Amino acid sequence: MTPTPHALEDALFTNSFVAELAGDPSWENEPRQVPGYHYSRVAPTPVANPRLLAWSAEMGAELGLTPPPEQGAATELLAGNRVADSMRPYAARYGGHQFGNWAGQLGDGRAISLGELAGTAGRRWEVQLKGAGPTPYSRRADGRAVLRSSVREFLCSEAMHHLGVPTTRALSLVSTGDAVVRDMFYDGHARPEPGAVVARVAPSFVRFGSFQILLAHGEIDNLRALADYVIRHHYPELGAPSPAGYARWFTEICRRTAVLVAHWQTVGFVHGVLNTDNMSILGLTIDYGPYGWLEPYDPAWTPNTTDFGGRRYAFGQQPRVGLWNLTQLAQALAPLVADPNQDLRPALDTYISTYQATYHARLLAKLGLTSQHPEADHALLAALPAALEAAEADMTLFFRRLSEVVPALLAPEAEVTGWGRELLAAVSYAAPGSAGEAPLLTWLSQYADRLRAEPAAPEAIRAGMLACNPKYVLRNYLAQQAIEAAEAGDLSLLHTLHEVLKKPFAEQPEHDALAARRPAWAATKPGSATLSCSS
Ligand code: AMP
Ligand code: MG
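Residues numbered from 1 in each chain as written. Chains lettered and ligands numbered in written order. Predicted model: local features only at pLDDT ≥ 70, side-chain atom pairs only at ≥ 80, totals over all residues. Heavy atoms only, no water.

1. Focus on the pairing of strand S5 (residues 95–98)
Filter applied, for reference: Whether two strands pair comes down to DSSP finding at least two bridges between them. Helix and strand assignments follow DSSP, with helices taken as H or I runs no shorter than four residues and strands as E runs no shorter than two, numbered in order from the N terminus.
Note: S5 against strand S6 (residues 101–105), three bridges, orientation antiparallel. In the strand pairing of S6, histidine 97 is matched with tryptophan 102.

Set out below in structure tokens:
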């Protein structure tokens, strides 16, 4: 039975993380090391004038919540100005490898978990405020978040959910009325920006780095307790924890991470900062910072200026980075099993095979191919990325337009090169007739031949492809336009994007402009083409 929806201020929170794990006995809210504990109790720091800017009706409904008014008790809770009696707010301790180097203790420096709410089907969801003020893990930073990065997290995490990509969710976006000073490109141009708080939601926010910090300090009992907590609450199908159970658990983490990365690689999402503290133990996309969406297909692309030197986290690197990060997690979990080589290492192969199989299956579906032609399909799929790159084809538009032209490509009298040129003219960023078109034109004629071997009717193939090739993604420049408008007090584009991205596969012709190729001015614009970790 679903309970009747109620206001957030009437919701009852539970607090399993706080109740079942080791809490820091000091409540002193000063930056410090917290050896020996999983978390620190800390209250959010109130803000000047909270106002609800956006609310996820879907996430709210899952939590049994009615949409709150712009100001009032719920918004006070969502801003951290009020703490409900049933909440036990805390910041989690974790560490991580940043850009390949061990960084020691990081932790929730500006995120504060409020507790868990019950969802449908017996699920529990943790609700966390991002930007809610300093914690013992804030190091030298202020614990706050700016509106621009909060808009980006709110819109993108919800859009990813509706695309079917595993992700943390967002419940609300609240402006604080306080200014937050940021130097957006670390170039000596610090300026005050409007502050905001996002309430984000996930079954758990535990990260790879949550385990790494415990191994780094030799806290093996804490390590086992955290593993048991995660298994008990989030992997109950694995049964009671045991050495063999930990191995099965790590295999499942590897499998989920592989599926996650395969999603990213087939929608064109670049996370931007795949440090081990930004890897969810549940295989969710977590910590939306300087992420971006591929427009011209380019494996070397990242929007993150902090990563321009090494491009460690560029689009094409993500599958490899997933494996590297899992290898670090395996090292952290090693004390839990009898023989790490035997018990944990095989799961890394599971990552590779699951990634390859999932990527392959998702790409076949995007191309409308269902029947079994393994050898031909392998060659066809392998040739596509380089052809897309040479043609400077827009990742999203290419697959969407390809879906639309399938019946024409399959017509008996089809002149594939002609169709191919038209397709390219609609999706490429290169000048028409450029030399880079040739590989994609060749690929398209091979594809048309292969498509003829499909048993389904052209219209059915087209419909199947349209259902897995989105028309709408959160293009980098659209997010930036929504931010600039919101900073000027106009929330209309933010709300329009939020709504349109709930149905990324639907035509919504009145919003065609939001599915257009990136305009030339946006190719180099800061905030659209380039982002930093400053948020
Ligand atoms: P990120 O790069 O966003 O994953 O953050 C890395 C670490 O820095 C995490 O421990 C964050 O909690 C912390 N952090 C980022 N921004 C802030 C901030 N404004 N105040 C305090 N801690 C922060
Ligand atoms: Mg992070």
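On we go.
2. Some points on the site of ligand 1
Under the convention used in this document: For each residue, the test is whether any non-hydrogen atom lies within 4 Å of the molecule or strand; if one does, the residue is near. Polar contact criterion, stated in full: a pair of N or O atoms within 3.5 Å, where within protein one must be able to donate a hydrogen and the other to accept it, and residues adjacent in sequence count only if both atoms are side-chain atoms. Only the protein chains shown count as cover for residues, with accessible areas throughout obtained via the Shrake-Rupley method and a probe of 1.4 Å. Each domain's limits were defined by an automated method or a database of domain assignments.
Around ligand 1, the surrounding shell holds 17 residues, and the nearest of these are Gly107, Gly109, Arg139, Gly143 and Asn278. Within the contact set of ligand 1, an oxygen atom lies 2.7 Å away from a side-chain nitrogen or oxygen of arginine 139. Contacts to ligand 1 include glycine 143, whose backbone N or O atom sits 2.8 Å from a nitrogen atom. Protein contacts shield 83% of the accessible area of ligand 1, which totals 480 Å² for the unbound molecule. Split by domain, the shell around ligand 1 shows at least three residues from each of two domains, domain 1 (8–205) and domain 2 (219–364).

3. A few points about the packing of aromatic side chains
What counts here: When the centres of two rings from Phe, Tyr and Trp lie within 6.5 Å, Trp using its six-membered ring, the rings pair. Their planes under 30 degrees apart give stacked, over 60 give edge-to-face, and anything left gives tilted. Relative accessibility under 20% of the residue-type maximum defines a buried residue, over 50% an exposed one, and the middle range a partly exposed one, all with a 1.4 Å probe and only protein chains included. We call a charge positioned above a ring when the Lys NZ or Arg CZ atom is no farther than 6 Å from the ring centre and deviates by at most 35 degrees from the ring normal.
All chains considered together, the criterion is met by 18 aromatic pairs. An angle of 65 degrees between the planes, with centres 5.6 Å apart, marks the rings of tyrosine 39 and tyrosine 90 as edge-to-face. In this pair, tyrosine 39 is assigned in strand S2 (residues 39–41) and tyrosine 90 in strand S4 (residues 90–92), connecting sequence segments 51 residues apart. The two residues tyrosine 39 and tyrosine 90 agree in class, both being buried. For the ring pair tryptophan 443 and tyrosine 447, a centre distance of 5.0 Å and an interplane angle of 10 degrees mean the geometry is stacked. With a gap of four residues between them, tryptophan 443 and tyrosine 447 both fall in helix H14 (residues 438–451), about one helical turn apart. With relative accessibility at 1%, the residue tryptophan 443 sits in the buried group. Counting every residue linked through ring pairs, the aromatic cluster contains Trp264, Phe269, Tyr288, Tyr291 and Trp293. Sitting over the ring of phenylalanine 399, lysine 366 keeps its end group 4.4 Å from the ring centre.

4. A word on helix H11 (residues 374–391)
Operational definition: The length a helix should cover is 1.5 Å for every residue beyond the first. One axis fitted to the seven residues ending at a residue, another fitted to the seven starting there: the angle between these axes is the bend at that residue. Contact definition: two residues touch when any of their heavy atoms are within 4.5 Å.
If you check H11, its first and last C-alpha atoms are 26 Å apart, about what 18 residues at 1.5 Å a residue would give, namely 26 Å. The sharpest bend along H11 comes to roughly 30 degrees, located at leucine 384, with the proline proline 385 sitting one to four residues further on. Within H11, the full set of buried residues consists of Asp377, Leu380, Leu381, Leu384, Ala387, Leu388 and Ala391. On its buried side, H11 packs onto helix H10 (345–366), helix H12 (395–410), helix H13 (416–427) and H14. Once H11 ends, the next one or two residues include glutamate 392, with phi positive near 50 degrees.

5. A closer look at the domain arrangement of the protein
What counts, and what does not: Note on definitions: buried area is the accessible-area loss of two parts on being combined, 1.4 Å probe, summed for both.
By the assigned domains, the protein splits into domain 1 (8–205), domain 2 (219–364), domain 3 (374–466) and domain 4 (476–523). Taking only C-alpha atoms into account, the centre of domain 2 sits 32 Å from that of domain 3. Contact residues are listed per partner, giving 14 residues for domain 2 and 12 residues for domain 3. Both sides together, the interface formed by domain 2 and domain 3 hides about 1100 Å², and carbon and sulfur atoms give 71% of it.

6. A few points about the confidence of the model for the protein
When pLDDT drops low, the exact placement of atoms in the prediction is not to be read closely. Here is the rule we go by: A score from 0 to 100, pLDDT tells how confident the predictor is in each residue.
When pLDDT is averaged along the protein, the result is 96, and 100% of the positions lie at 70 or above. The spread of mean pLDDT over the elements of the protein runs between H13, the lowest at 93, and helix H5 (residues 208–216), the highest at 99.

7. Digging into the pattern of salt bridges
Counted only if it meets this: When a carboxyl oxygen of Asp or Glu is within 4 Å of a side-chain nitrogen of Lys or Arg, the pair counts as a salt bridge.
In total, this model carries 28 salt bridges according to the counting rule given. For lysine 502, the salt bridge is made with glutamate 58, and the minimal N-O distance between the two is 3.1 Å. You can see lysine 502 sitting in the segment after helix H17 (492–500) and its partner glutamate 58 sitting in helix H2 (residues 57–62), a full 444 residues away along the chain. Residue classification places lysine 502 among the buried residues on the basis of a relative accessible area of 15%. A salt bridge links aspartate 512 to lysine 471, with the shortest nitrogen-to-oxygen separation between them at 2.5 Å. Taken as a pair, aspartate 512 in the segment after H17 and lysine 471 in the loop between helix H15 (458–466) and helix H16 (476–487) lie far apart in primary sequence, 41 residues in all. The exposure class assigned to lysine 471 is buried, which follows from its relative accessible area of 9%. Three or more residues joined by partner-sharing salt bridges are found here, namely Lys130, Glu153, Arg200, Arg207 and Asp287.

8. Regarding the coordination of the magnesium ion (ligand 2)
In plain terms, the rule: Only nitrogen, oxygen and sulfur atoms qualify as donors, and only when within 2.8 Å of the metal (3.2 Å in the case of Na, K and Ca); with water excluded, sites may look incomplete.
Protein coordination of the magnesium ion (ligand 2) is provided by Asn278 (OD1) and Asp287 (OD), with donor distances spanning 1.9 to 2.2 Å. The two residues asparagine 278 and aspartate 287 agree in class, both being buried.

9. A look at the packing of helix H8 (residues 318–333) against H10
Heads up, the condition is: Geometry is summarised by axes, namely lines fitted to C-alpha atoms with helices restricted to the contacting stretch, and by angles between N-to-C directions that run from 0 to 180 degrees. Should an angle fall under 35 degrees it is taken as roughly parallel, and over 145 as roughly antiparallel, whereas 65 to 115 is taken as roughly perpendicular and any remaining angle as oblique. Each crossing gets its handedness from the near helix: less than a right angle anticlockwise from the far helix is left-handed, clockwise is right-handed. Polarity classes work like this: nonpolar for Ala, Val, Leu, Ile, Met, Phe, Trp, Tyr, Cys and Pro, charged for Asp, Glu, Lys and Arg, and polar for all others, with Gly in that last group.
H10 packs onto H8 with a crossing angle of 160 degrees between their chain directions and a minimal axis gap of 10 Å. Looking at the two axes, H8 sits roughly antiparallel to H10. H10 is crossed by H8, and the crossing has right-handed handedness. Contact residues: Gln318, Pro319, Gly322, Leu323, Leu326 and Thr327 in H8; Leu348, Tyr351, Ile352 and Tyr355 in H10. Across the contact of H8 with H10, the residue classes break down as seven nonpolar, three polar and no charged.

10. Observations regarding the side chain of serine 528
Structurally, the position occupied by serine 528 is in the segment after H17. In this structure serine 528 touches Asn476, Tyr477, Gln480 and Ala522, once residues within four positions along its chain are discounted.

11. Some details on the environment of alanine 390
With respect to the helices and strands, the residue alanine 390 is situated in helix H11. Judged by relative accessible area, alanine 390 falls into the partly exposed class, the value being 33%. For alanine 390 and glutamate 437, which are 47 residues apart along the polypeptide, the C-alpha to C-alpha distance reads 6.8 Å. Beyond its immediate sequence surroundings of up to four residues, alanine 390 is in contact with Gly436 and Pro439.

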